[in-house]
Amino acid sequence: MQIKDLKFKEFINKVKVQQQVSALAKQINIDYKDKSPVFLPILNGSFIFAADLIKQIEVPCRVSFVKVSSYAGTASSGQLKILIGLEESLFNQDIIIVEDIIDTGLTLQKVVQELKDLGTKSLELVTLLRKQPAREKMFDVKYIGFEIENEFVLGYGLDYDGYGRNLEDIYQSVI
Ligand code: IMP
């Protein structure tokens, strides 16, 4: 399959993806048995994963989609990432951030710090995919769907230059 200048081949088929999403939901249902978490899916990439995951959550929960936006800071501070779209009060809440993929983990590090500053009760992360570099950073992610190497992937919400989010399977780029 060709998208723009890149070729892609199937990597994780939709059956495997759905099995893993169900396994993650099952574990979250156990861990949050007597709790009422607030899910914060990070747009755009996590919209399909978040929908499939949250449909299988059986504890009372809320959902608030957020976006990480970069803006040019001062010359010395460079690019700052800020969280936009947060409507729920997160003070004293059990938060679960929902990500599509963690690559370097740098984006999430900023988001996690910003959320902790709001006085959350607990903060955990669920990601469908995690790449090798993130593992090297020892980023503390409680729920991980698939550990992958450093390949570029798309499908199931993930994009290449805006395309490919609609695909049900996950693909990887080939040279
Ligand atoms: P990080 O700050 O390096 O962890 O960046 C994570 C973000 O980069 C993800 O939320 C994705 O939006 C994007 N990203 C990283 N790797 C890929 C990939 O292989 N395919 C599509 N998007 C990716």
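Please read these numbers as outputs of a predicted model, since none were measured by experiment.

Undergrad: Would you mind going over the site of the ligand with me for this structure?
TA: Around the ligand, 15 residues are found, and the nearest of them are Asp103, Thr104, Gly105, Thr107 and Val153. One of the side-chain N or O atoms of Thr104 is found 2.6 Å from an oxygen atom in the ligand. Between the ligand and the protein, one listed contact pairs an oxygen atom with a side-chain N or O atom of Lys131 at 2.9 Å. Among the secondary structure elements, those contributing two or more residues to the shell around the ligand are strand 7 (94–102) and helix 3 (106–116). Here the residues of the shell around the ligand sort into 6 nonpolar, 3 polar and 6 charged.

Undergrad: Whenever I open this one, the pairing of strand 11 (residues 170–174) confuses me. Can you help?
TA: In summary, the side chains of a regular strand alternate between the two faces of the sheet. As paired strands, strand 2 (residues 6–12) and strand 11 are joined by 5 bridges and run antiparallel to one another. Bridge pairing in strand 11 links Lys7 to Val174. Across 2 bridges, the pairing between strand 10 (residues 153–154) and strand 11 is antiparallel. Bridging across to strand 11, Val153 finds its partner in Gln172.

Undergrad: How should the pairing of strand 7 be read in this particular structure?
TA: Where burial is concerned, most of strand 7 is hidden: 9 out of the 9 residues are buried. Strand direction decides the pairing type here: strand 3 (residues 38–43) and strand 7, joined by 4 bridges, are parallel. Looking at the pairing, Phe39 lines up with Ile96 of strand 7. When strand 7 meets strand 8 (residues 122–131), the two strands line up parallel, connected through 8 bridges. What sits directly across from Ile101, in strand 8, is Leu129.

Undergrad: Would you take a moment to explain the environment of Phe146 for this structure?
TA: Residue position: Phe146 is located in strand 9 (residues 143–148). Distance from Phe146 to Gln20, taken between C-alpha atoms, is 8.0 Å for residues 126 residues apart in sequence. With residues up to four places along the chain from it excluded, the contact list for Phe146 reads Ile12, Lys16, Val17, Gln20, Leu128, Leu129 and Arg130.

Undergrad: Looking at this structure, I do not really get a nonpolar patch on the surface. What am I missing?
TA: There is a patch of nonpolar side chains on the surface, built from Leu43, Phe47, Val63 and Phe65 and spanning about 290 Å² of accessible area. A relative accessible area of 36% places Phe47 in the partly exposed class.

Undergrad: I would appreciate a short explanation of the pattern of salt bridges in the present structure.
TA: Where charged atoms from two side chains of opposite charge approach closely, those side chains can pair. Following the criterion strictly, the structure yields 8 salt bridges and no others. Note that Lys142 is salt-bridged to Asp31, the shortest N-O span being 4.0 Å. Taken together, the residues Lys142 in the loop between helix 4 (132–136) and strand 9 and Asp31 in helix 1 (residues 14–31) connect sequence positions 111 residues apart. Lys142 gets classed as partly exposed once you look at its relative accessible area, which sits at 46%. For Asp31, a relative accessible area of 26% corresponds to the partly exposed category. Here Arg165 and Asp159 are joined by a salt bridge, their closest N and O atoms 3.4 Å apart. Arg165 sits in the buried class, given a relative accessible area of 19%.

Thresholds, definitions, all that
Residues numbered from 1 in each chain as written. Predicted model: local features only at pLDDT ≥ 70, side-chain atom pairs only at ≥ 80, totals over all residues. Heavy atoms only, no water. Near = heavy atom within 4 Å. Polar contact = N/O pair within 3.5 Å; in protein donor to acceptor, adjacent residues only side chain to side chain. Helix = DSSP H or I, 4+ residues; strand = E, 2+ residues; numbered from the N terminus. Nonpolar A, V, L, I, M, F, W, Y, C, P; charged D, E, K, R; others polar. Pairing = 2+ DSSP bridges. Buried < 20%, exposed > 50% of the residue type's maximum accessible area, 1.4 Å probe, protein only. Contact = heavy atoms within 4.5 Å. Patch = residues over 30% accessible without salt bridge, like charges linked within 9 Å, V, L, I, M, F, W, Y side chains within 5 Å. Areas by Shrake-Rupley, 256 points an atom, 1.4 Å probe, with all protein chains shown as cover. Salt bridge = Lys/Arg side-chain N within 4 Å of Asp/Glu carboxyl O.

Bear in mind that shape data such as this cannot, by itself, settle questions of function.
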